[in-house]
Amino acid sequence: MEEEQKLVTGSTNLEGSETKLELTVDEVVEGYVGSLGFSQLVHVLLVSLAWIFDAQSTLVTIFSDAQPAAWRCKTGLCQGNNNSTAKGSGSVCGLVPGTWEWVDGHTSSIIAEWDLICDRRFLAAVPASVYFLGSLIGSAVYGHLSDSWLGRKRTVQLSCILTSITAFATSLSPNICTYAFFRFANGFARSGIGICCLVLTTESVGRKWRGQVGQYGFFFFTVGFLTLPLVAYPTRTCWRSLYKVLSLLPLAYSVLLLPLVSESPRWLLIRGRGKEALEVLDRFARLNGKKKLPSNLSLVNPCGSTNVASSCTSEGDETSPNNKENLWTTRWAAMRMVTVMLAGFGVGFVYYGVQLNVENLNFNLYVSVALNALMEIPAVVIGTFLLGFTNRRLLLSVSSYIAAVSSILCTFFSHKKVQNKYGGSWGQLIIEGIGFMGASTAFDILYIYCVELFPTNVRNFAVSMLRQAIMLGASVAPLLVVLGRLSPSLSFLVFGAFAISSGVFSIWLPETRNAPLYETLKQQEEEEKHNWVSHNDCAIELGK
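Residues numbered from 1 in each chain as written. Predicted model: local features only at pLDDT ≥ 70, side-chain atom pairs only at ≥ 80, totals over all residues. Heavy atoms only, no water.

Things to note about the overall build of the chain
1) Next: When you go through the chain residue by residue, the secondary structure sums to 20 helices and five strands.
2) Next: Taken across its 544 residues, the chain has 56% of its residues classed as buried.
3) Next: In the chain, 79% of the contacts between residues at least 6 apart in sequence involve partners at least 24 apart. (Helix = DSSP H or I, 4+ residues; strand = E, 2+ residues; numbered from the N terminus. Buried < 20%, exposed > 50% of the residue type's maximum accessible area, 1.4 Å probe, protein only. Contact = heavy atoms within 4.5 Å.)

As for the packing of aromatic side chains
1) Next: Evaluation of the coordinates by the stated rule reveals 25 aromatic pairs.
2) Next: For the pair Tyr352 and Phe443, a centre-to-centre distance of 5.9 Å together with 90° between the ring planes defines the contact as edge-to-face. Of this pair, Tyr352 sits in helix α14 (residues 331–356) while Phe443 sits in helix α17 (residues 426–453), placing them 91 residues apart in sequence. Accessibility classification places Tyr352 together with Phe443 in one group, the buried group.
3) Next: For the ring pair Phe443 and Tyr447, a centre distance of 5.2 Å and an interplane angle of 75° mean the geometry is edge-to-face. Taken as a pair, Phe443 and Tyr447 lie in helix α17 at a separation of four residues, close to a single helical turn. (Phe/Tyr/Trp six-rings, centres within 6.5 Å; stacked < 30°, edge-to-face > 60°.)

Thoughts on unusual backbone geometry
1) Next: One non-glycine residue, Asn514, lies in positive phi territory at about 65°.
2) Next: By the element assignment, Asn514 lies in the loop between α19 (488–505) and α20 (521–543).

As for the packing of helix α8 (residues 151–170) against helix α11 (residues 239–256)
Packed helix pairs are specified by the crossing angle of their axes together with the interaxial distance, meaning the distance between the axes.
1) Next: Remark: α8 packs on α11, axes separated minimally by 8 Å, with the N-to-C direction vectors making an angle of 160°. For the element pair α8 / α11, the angle class is roughly antiparallel. In terms of crossing hand, the pair formed by α8 and α11 is left-handed. Counted together, Gln157, Cys160, Ile161, Thr163, Ser164, Ala167, Phe168 and Thr170 of α8 and Trp239, Tyr243, Lys244, Ser247, Pro250, Leu251, Tyr253 and Ser254 of α11 form the full contact between these two elements. (Axes fitted to C-alpha atoms, helices over the stretch in contact; angles between N-to-C directions. Parallel < 35°, antiparallel > 145°, perpendicular 65-115°, else oblique. Left-handed = near helix turned anticlockwise from the far one by under 90°.)

Side note on a nonpolar patch on the surface
1) Next: On the surface, Tyr401, Val405, Ile408, Leu409, Phe412, Leu493, Ile500, Val504, Ile507 and Trp508 cluster together to form a nonpolar patch covering roughly 910 Å² of accessible area.
2) Next: Only α16 (392–413) and α19 provide two or more residues apiece to the nonpolar patch.
3) Next: If you tally residues by element for the nonpolar patch, the top one is α16, at five residues.
4) Next: Of note, Tyr401 is situated in helix α16.
5) Next: On the accessibility criterion, Tyr401 (33% relative accessible area) is partly exposed. (Patch = residues over 30% accessible without salt bridge, like charges linked within 9 Å, V, L, I, M, F, W, Y side chains within 5 Å. Areas by Shrake-Rupley, 256 points an atom, 1.4 Å probe, with all protein chains shown as cover. Salt bridge = Lys/Arg side-chain N within 4 Å of Asp/Glu carboxyl O.)

What about the nonpolar core?
1) Next: Counting 114 residues, the largest nonpolar core has Ile62 and Phe454 as its most contacted members.
2) Next: Formed by 20 residues, the second largest nonpolar core is a distinct cluster that contains Val33, Leu269, Ile270 and Ala277. (Core = buried A, V, L, I, M, F, W, Y, C linked by side-chain atoms within 4.5 Å.)

Side note on the pattern of salt bridges
1) Next: Under the defined criterion, the tally for this structure stands at 14 salt bridges.
2) Next: With a closest N to O distance of 2.7 Å, Arg190 and Asp54 form a salt bridge. Pair noted here: Arg190 is in helix α9 (residues 176–202) and Asp54 is in helix α4 (residues 50–59), with a separation of 136 residues, a long-range link.
3) Next: Ionic pairing is found between Glu519 and Arg266, a salt bridge with its closest N-O pair at 3.0 Å. Highlighted residues: Glu519 in the loop between α19 and α20 and Arg266 in helix α12 (residues 265–270), separated in sequence by 253 residues.
4) Next: You can call Glu519 buried: its relative accessible area is 7%.

As for helix α13 (residues 274–287)
1) Next: Given a rise of 1.5 Å per residue, 14 residues ought to cover 20 Å, and the 20 Å separating the end C-alpha atoms of α13 matches this to within 8%.
2) Next: Turning to α13, the residues buried within the fold contact α2 (25–33), α3 (38–48), α12 and β5 (297–299).
3) Next: Positioned one or two residues after α13, Gly289 has a phi angle of 85°, which is positive. (Expected span 1.5 Å × (residues − 1).)

Digging into α14
1) Next: Compared with an ideal rise of 1.5 Å per residue, which puts 26 residues at 38 Å, α14 spans 37 Å between its outermost C-alpha atoms and is within 8% of the ideal.
2) Next: The buried count for α14 comes to 21 of 26 residues, which makes it a mostly enclosed element.

Digging into the packing of helix α10 (residues 210–232) against α11
1) Next: Put simply, α10 and α11 touch, their axes get as near as 10 Å, and they point 130° apart. Comparing the axis directions of α10 and α11 gives the class oblique. Here α10 runs over α11; the crossing is right-handed. Contacts between α10 and α11 pair Leu228, Val231 and Ala232 from the former with Leu242, Val245 and Leu246 from the latter.

Here we look at the environment of Arg336
1) Next: Mapped onto the elements, Arg336 comes out in helix α14.
2) Next: On the accessibility criterion, Arg336 (11% relative accessible area) is buried.
3) Next: A sequence separation of 173 residues divides Arg336 from Leu509, and the C-alpha atoms of the two residues are 6.8 Å apart.
4) Next: Ignoring sequence-local partners within four residues, the contact set of Arg336 consists of Leu453, Phe454, Leu509, Pro510, Gln524 and Glu528.
5) Next: One polar contact links Arg336 to Glu528, side chain to side chain, over a distance of 3.1 Å. (Polar contact = N/O pair within 3.5 Å; in protein donor to acceptor, adjacent residues only side chain to side chain.)

Here we look at the state of the cysteines
1) Next: Within this structure, the stated rule accounts for zero disulfides.
2) Next: Looking at the unpaired Cys160, the closest cysteine sulfur is the one in Cys197, lying at 6.7 Å.
3) Next: On the basis of relative accessibility, which here comes to 0%, the residue Cys160 falls in the buried class. (Disulfide = S-S within 2.5 Å.)

Structural notes on the confidence of the model for the chain
1) Next: Summing up the model confidence of the chain, the mean pLDDT is 81 and the portion of residues at 70 or higher is 83%.
2) Next: Mean pLDDT values for the elements of the chain range from 44 in strand β1 (residues 11–15) up to 95 in α8.
3) Next: The low-confidence segment residues 1–17, where pLDDT is below 50, has 25 contacts with residues more than four positions distant or belonging to other chains.
4) Next: Taken as a whole, residues 80–90 scores under 50 in pLDDT and shows 22 contacts with residues more than four places along the chain or in a different chain. (pLDDT = per-residue confidence, 0-100.)

A closer look at the environment of Asp282
1) Next: When you line up the elements, Asp282 lands in helix α13.
2) Next: A sequence separation of 250 residues divides Asp282 from Tyr32, and the C-alpha atoms of the two residues are 8.7 Å apart.
3) Next: One polar contact links Asp282 to Lys292, side chain to side chain, over a distance of 3.4 Å.

Structure (structure tokens):
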């Protein structure tokens, strides 16, 4: 208790007989609310559930856009090719249309329904690519909205509702062009879920738990990945039914559960709504079994203004020029952002590319997807454990290098013909699984790293820019998956090269473990410069 009292001895001003206590959000959380109590756990749980729908929307094409497993002859014109179980569709290209059919029916996937085979096979990669392009554009839009007037919570709600609408509209697509358009719209819609959920959860806890709490969201992404085969298998004869079922979940969440979530107190503060921020923190404290916040407590204005109603302006806001801060015109922040985005491009390319490439493993598709999803669980657990005491930069680079080495090793197995009774090589599957775990860990760490690298008034914008870079890499991945059907070795080498590049770019990023979350760019620049000078002075003293 004595330590807590020392922690909250902020600046004071006398107003009559009562002392005014001014503290930062971090000081209030650590001293009065608790770093991670019951209220914050419930908050994190409710927010992180949205990651389930993000995963399902992203990876649904593994089933809806899959190559049908088998075809059969309808007449005797196939001349001995009856009941083919080959995944390759080349054997049907020379057959007369109407003389054969897909075993699971023509509605089992978009390839079966719209004949995306033979000379039209590359059209099957278009919806997945434009989906990630939609996510790229949406990340910028949602990042701006959540940092400016809409906030974190309402942006998540908007994203979930639009995800539900566009998923249902996708199920009504009459042709491949319309389907690709709605996949683009769905990618745009869902892009607000991940960036806002990550920021909304990490901004409500103490600095000690930021990394672990960020990992909880990725665990629910894995849950969404795992539950996808459970939804897809009953609807395996009709891809439209799959989209209709998935469209119901985010809508129900946004109506029933999301209203129970509180807005980020940090965002409320920088928008000049300090009273509301205190109310949120007070509610957290009381639910944690703590005492009500002192009546003389006020939050330090991060903009340095004496006007209580003033707000810090993030990227693109129209307010006073004296308060306006722009990430791209602040040199250190812009350089840091570019470095993060370059690393993110490689991570996104490898992470999503490996997942979409699962259909080329020659294993049962539903089992393969489930196994790949299970591989994310060790990545989340290991990442959560290591974040507690390991530097972010080291963890990001090592994870990227593990993904790179595993991808390169897979090139040797791609030439081997050893197979199990289900087809495919167990050795390649295991090594690829290890590589995917490395890519998954790097993916998770990079998001948390980005949250800690930038202040509150541009944090969501920064995470959205990272999201754009990741989605840009992901949009190229489906093309490599198609190329991998012709040359598996080349695709694995490319995956490895991009993973190495992500690890190298992390060298130029500063370490953020146990660092505070700053509120403005100016504050962060001054504090980091002060810490750097203090560190150098200490080193000089030790060297005497």
